[in-house]
Amino acid sequence: MELLTPQQIWKGYDPSALPLNVNMLSDVRRDGLREVTAYFSGPTTTDGVVRVFARCLAPAGKGRFPAVVLMPDVGSDAENIAVRLADLGYAVVMPDYAGRRRDTFRYTVYPRSLVTSEWAPERLTEYPTDLRFNCWSVWAEIGMRAVTYAASLDFADGERVAVIGAGVASSAALKAAALDRRIKCAVMLYSNGRKDARSDDAACLTYKVALADEAYAPMVRVPLLMMIASNDSDGKADDMSDLFSLIPEETGSRLSVSERTNRTIGGAQQSNIRLWLDKYLRGGDCVVPSVPEVSAAASERKLYYNVKADPACETELFISRGTDAPALRNWSKAVLMLVGDGEYIARADVYDAGEKIYAFANARLPGGISVSSPITEKLPAQLGVDATPMTTNRLIYDGDAGADDWTEYTRTDASTPETGSGPFGIGGVMATRGTLGTFKLGDPAYRGKEGYLLQIMLYSETAQFVTITVKAEIKAGRYAEFTHTESVSPEDGWRKITLEATDFKSPAGVCESWEKVFGLTLSADKTIIVASMLWV
């Protein structure tokens, strides 16, 4: 197959050239919002036209509102974010790109020649034979045709349009930001999940040159906000960080990493999308911090990180060691020492100078956008750093440590949990609305060993079941989850739960050893408090 560049593939393409042929299905007003559903014409091929199903939400009032083309991840529920955006005064257009499926009778209809544009898991691994008409280019074209459709609506302002793509659709948002000059800004949420073979065969090379995100990032011409999760289960955090580095600096694009999360927006990043859209679609006065700078150097054969950020920002540095797999990392917050105007230094312990150590910085103005440095990767031995003697810690967590190294997860977000007290005034970390999680068990200094028992001191305000889940690496970069359930009651007071690795089970078997465990979560319907966690 001939090698083609994105410029060659899309030469002469105009997303507004062909008629939309809109077929309106419904137009109703309720709860202060206007909802429109319709079909419009998308990509055109020799055997037909893609009929794109779209659902729109906008304020019910009169006027033309800034438009947001929202393309959620396959299988995700975008209702909350769509309603939230509409409540903020945006006209939201959600084109379906997944195609035929069983959970709805309304979906995008593809002609026979484009049947491989319908979503299926194999889309993440197969290599297209047609570089112009394949799922990745067709989904991008659907996004750009949705911009054309938005401009045709009497309640949307076609001069102020943004594109948001999540998961699989993040590639469509990136391509639109690179190709469609009508777009004012864009947002990418997480990676597309693509699983490319590390191969130099012709099909792989052709895909990388013509269709991969890396081919389009240098073409981006609008401010793009790339939001990623540090522990995304697809293990793409490093790749997404590298991808961001390819976007031209002059676009004003930013990277934002939600620490200790998996496909979830962190607490400090919750306002990012709202502020980004307000700035670039409405001329809002939000100040976007500069990209933090992180560098590493040796001093007296010890490793130090230097961080430079806007002086007015709250700045944090996160460091991980012990594994190269992004999904498995324990991101510990480093102690930063102020040494100048917006300049910091932090020492990092190195347990093995021959193993890589990773770091990134987050910077955020009060109430503003949280932005991140790219994730850095350093090999201490190459910097002339000696290993720090490692002291194995049996105490994984104690209430005096507060909530650091913990995250509370809900269905829609993640945040630093609260701390509270139980019987006898003993304090600890709390889960009040979701699941408590930590990756600290994967840190070399806290990792369990053969013969260890895990002891958790827990208090529950109500009688309920608590599900404890451990995540253990089963192959390089891949993990499985194993669970154990305990019945707890306030009558227990502080309940001491002592567990062996084999107490944790899954349909595939049992957790065989603590040595491969890197993460733990505790889930309950009502509030629980964890006072301590240690190896005995």
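Preceding block: the structure.
Rules behind the numbers
Residues numbered from 1 in each chain as written. Predicted model: local features only at pLDDT ≥ 70, side-chain atom pairs only at ≥ 80, totals over all residues. Heavy atoms only, no water. Axes fitted to C-alpha atoms, helices over the stretch in contact; angles between N-to-C directions. Helix = DSSP H or I, 4+ residues; strand = E, 2+ residues; numbered from the N terminus. Left-handed = near helix turned anticlockwise from the far one by under 90°. Contact = heavy atoms within 4.5 Å. Nonpolar A, V, L, I, M, F, W, Y, C, P; charged D, E, K, R; others polar. Pairing = 2+ DSSP bridges. Phe/Tyr/Trp six-rings, centres within 6.5 Å; stacked < 30°, edge-to-face > 60°. Buried < 20%, exposed > 50% of the residue type's maximum accessible area, 1.4 Å probe, protein only. Lys NZ or Arg CZ within 6 Å of the ring centre and 35° of its normal. Salt bridge = Lys/Arg side-chain N within 4 Å of Asp/Glu carboxyl O.

### Let's talk about the packing of helix α3 (residues 135-152) against helix α4 (residues 170-179)
Relative to each other, α3 and α4 sit at 65 degrees, their axes nearing to 8 Å. With respect to the hand of their crossing, α3 and α4 are arranged in right-handed fashion. Contacts from Trp136, Trp139, Ala140 and Met144 of α3 reach α4 at Ser171, Ala172, Lys175, Ala176 and Leu179. Residue composition of the contact of α3 with α4, grouped by class: seven nonpolar, one polar and one charged.

### Examining the sheet that holds strand β12 (residues 302-308)
What the four strands build is an open sheet, ordered β11-β12-β16-β15; its pairing is antiparallel. Of all strands in the sheet, those bounded by a partner on one side alone are β11 (293-299) and β15 (337-340). On average, each strand axis in the sheet is inclined to that of its neighbour by 30 degrees, with strand direction left out of account. As paired strands, β11 and β12 are joined by seven bridges and run antiparallel to one another.

### Considerations on the packing of aromatic side chains
In total, this model carries 16 aromatic pairs according to the counting rule given. With a centroid separation of 5.3 Å and 70 degrees between ring planes, the pair formed by Trp10 and Tyr13 is classed as edge-to-face. Here the aromatic rings of Phe504 and Trp514 are separated by 5.9 Å at their centres, their planes lie at 75 degrees, and the arrangement is edge-to-face. Here Phe504, found in the loop between β29 (495-499) and β30 (505-506), pairs with Trp514, found in the loop between β31 (509-510) and β32 (517-523); they are 10 residues apart in sequence, far enough to count as distant. Trp514 shares its class with Phe504; the two are buried. Ring pairs connect the aromatic residues Tyr452, Phe504, Trp514 and Trp535, which therefore count as one cluster. Directly above the ring of Trp10 sits Arg132, whose terminal nitrogen or CZ lies 4.3 Å from the centroid. Positioned above the aromatic ring of Tyr358 is the side chain of Arg329, whose terminal nitrogen or guanidinium carbon lies 3.6 Å from the ring centre.

### Re the pattern of salt bridges
In the structure shown here, the tally under the stated rule is 27 salt bridges. With a closest N to O distance of 3.0 Å, Arg260 and Asp404 form a salt bridge. Placement of the pair is Arg260 in the loop between β9 (254-258) and β10 (265-266) and Asp404 in the loop between β20 (395-398) and β21 (407-409), with a sequence separation of 144 residues. By relative accessible area, which is 5% here, Arg260 ends up buried. Asp404 sits in the partly exposed class, given a relative accessible area of 29%. Ionic pairing is found between Arg321 and Asp443, a salt bridge with its closest N-O pair at 3.9 Å. On the criterion of sequence distance, the pair formed by Arg321 in strand β13 (residues 314-321) and Asp443 in the loop between β25 (435-438) and β26 (454-460) is long-range, its members being 122 residues apart. Take Asp443: its relative accessible area is 3%, and that puts it in the buried class. Among the ionic contacts, a cluster of salt bridges with common partners joins Arg30, Glu35, Arg55 and Glu79.

### A few points about the environment of Ala327
Here Ala327 lies in the loop between β13 and β14 (332-333). Sequence separation of Ala327 and Phe518 is 191 residues, and the distance between their C-alpha atoms is 9.6 Å.

### Section: helix α8 (residues 272-282)
Regarding α8, the residues found buried are Asn272, Ile273, Leu275, Trp276, Leu277 and Leu281. Following α8 by one or two positions, Gly283 has its phi on the positive side, about 70 degrees.

### Examining unusual backbone geometry
A positive phi is found at Glu300, a non-glycine position, where the angle reads about 55 degrees. Checked against the element boundaries, Glu300 lands in the loop between β11 and β12. Among the residues examined, Glu300 registers a relative accessible area of 70% and is labelled exposed. Positioned with a positive phi, Phe424 is a non-glycine residue whose angle comes to about 65 degrees. Along the chain, the position of Phe424 falls in the loop between β23 (419-421) and β24 (427-431). A residue is classified by how much of its surface remains accessible, and Phe424, at 78% relative accessible area, is exposed.

### Details of the environment of Ser271
Along the chain, the position of Ser271 falls in the loop between β10 and α8. We classify Ser271 as partly exposed; its relative accessible area is 22%. For the pair formed by Ser271 and Ile369, sequence separation is 98 residues and the distance between their alpha carbons is 6.6 Å.

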